[in-house]
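# Descriptive analysis of the structure
Residues per chain are reported as follows:
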Amino acid sequence: MLFRSADLFFQCIVSGIRPCDDSQSQQWNDECMRRFEELTIDKMLVARVKDGIYRYTYAEERRVLIELFDTSVDDKDVSVADILITEGFAKSSEPTLNL
């Protein structure tokens, strides 16, 4: 039985990466977003929860810090963050849940 509920959906943040752009905006550019989509759309992925936060506000924000793995590559888990860093689309960073 498949159970669906809006309460089960959270905004996820991939752990350990940040945009290559050193500006304060910390926004991912279109090229990085396209590469992330290529790595994740229509793939069998596994997310490992690292940390989570639930903040009671008007919008009741929920964010989960995850490690994201592609499990479709040669029977091993490949870190999406590591691929983005290796290909120059992201920089390594300390995991954080900024609200």
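Let us look at the structure shown here.

Conventions adopted
Residues numbered from 1 in each chain as written. Predicted model: local features only at pLDDT ≥ 70, side-chain atom pairs only at ≥ 80, totals over all residues. Heavy atoms only, no water. Helix = DSSP H or I, 4+ residues; strand = E, 2+ residues; numbered from the N terminus. Buried < 20%, exposed > 50% of the residue type's maximum accessible area, 1.4 Å probe, protein only. Polar contact = N/O pair within 3.5 Å; in protein donor to acceptor, adjacent residues only side chain to side chain. Contact = heavy atoms within 4.5 Å. Core = buried A, V, L, I, M, F, W, Y, C linked by side-chain atoms within 4.5 Å. Salt bridge = Lys/Arg side-chain N within 4 Å of Asp/Glu carboxyl O.

## Remarks on the environment of K91
- Positionally, K91 belongs in strand 6 (residues 90–92).
- K91 gets classed as partly exposed once you look at its relative accessible area, which sits at 28%.
- The spatial distance from the C-alpha of K91 to the C-alpha of I17 is 5.5 Å, given a sequence separation of 74 residues.

## Describing the side chain of R35
- Turning to its location among the elements, R35 is positioned in helix 1 (residues 30–40).
- Taking the relative accessible area as the measure of exposure, R35 reaches 18% and is therefore buried.
- A polar side-chain atom of R35 sits 3.1 Å from a polar atom in the side chain of E38.
- With sequence-adjacent residues up to four places away left out, R35 is seen in contact with I83, L84, E87 and F89.

## Overview of the nonpolar core
- Counting residues in hydrophobic clusters, the biggest one holds 14 residues, and the most contacted among them are V14, I17, L39, L68, V80 and L84.
- Of all the secondary-structure elements, those providing two or more residues to this core are helix 1, strand 4 (61–73) and helix 2 (80–86).
- Tallying contributions element by element places helix 2 first for this core, with four residues.
- Once residues within four sequence positions are removed from consideration, L84 is found in contact with I17, R35, F36, L39, F89 and A90.

## Details of the pattern of salt bridges
- Summed over all chains, the structure comprises five salt bridges.
- Of the charged contacts in the structure, one is a salt bridge between E87 and R35, with a shortest N-O distance of 2.6 Å. Taken together, the residues E87 in the loop between helix 2 and strand 6 and R35 in helix 1 connect sequence positions 52 residues apart.
- According to the relative accessible area criterion, E87 is partly exposed, its value standing at 38%.
- The closest approach of N and O atoms between R48 and E67, which form a salt bridge, is 2.7 Å. Here R48, found in strand 3 (residues 45–55), pairs with E67, found in strand 4; they are 19 residues apart in sequence, far enough to count as distant.

Keep in mind these values describe shape, not function.
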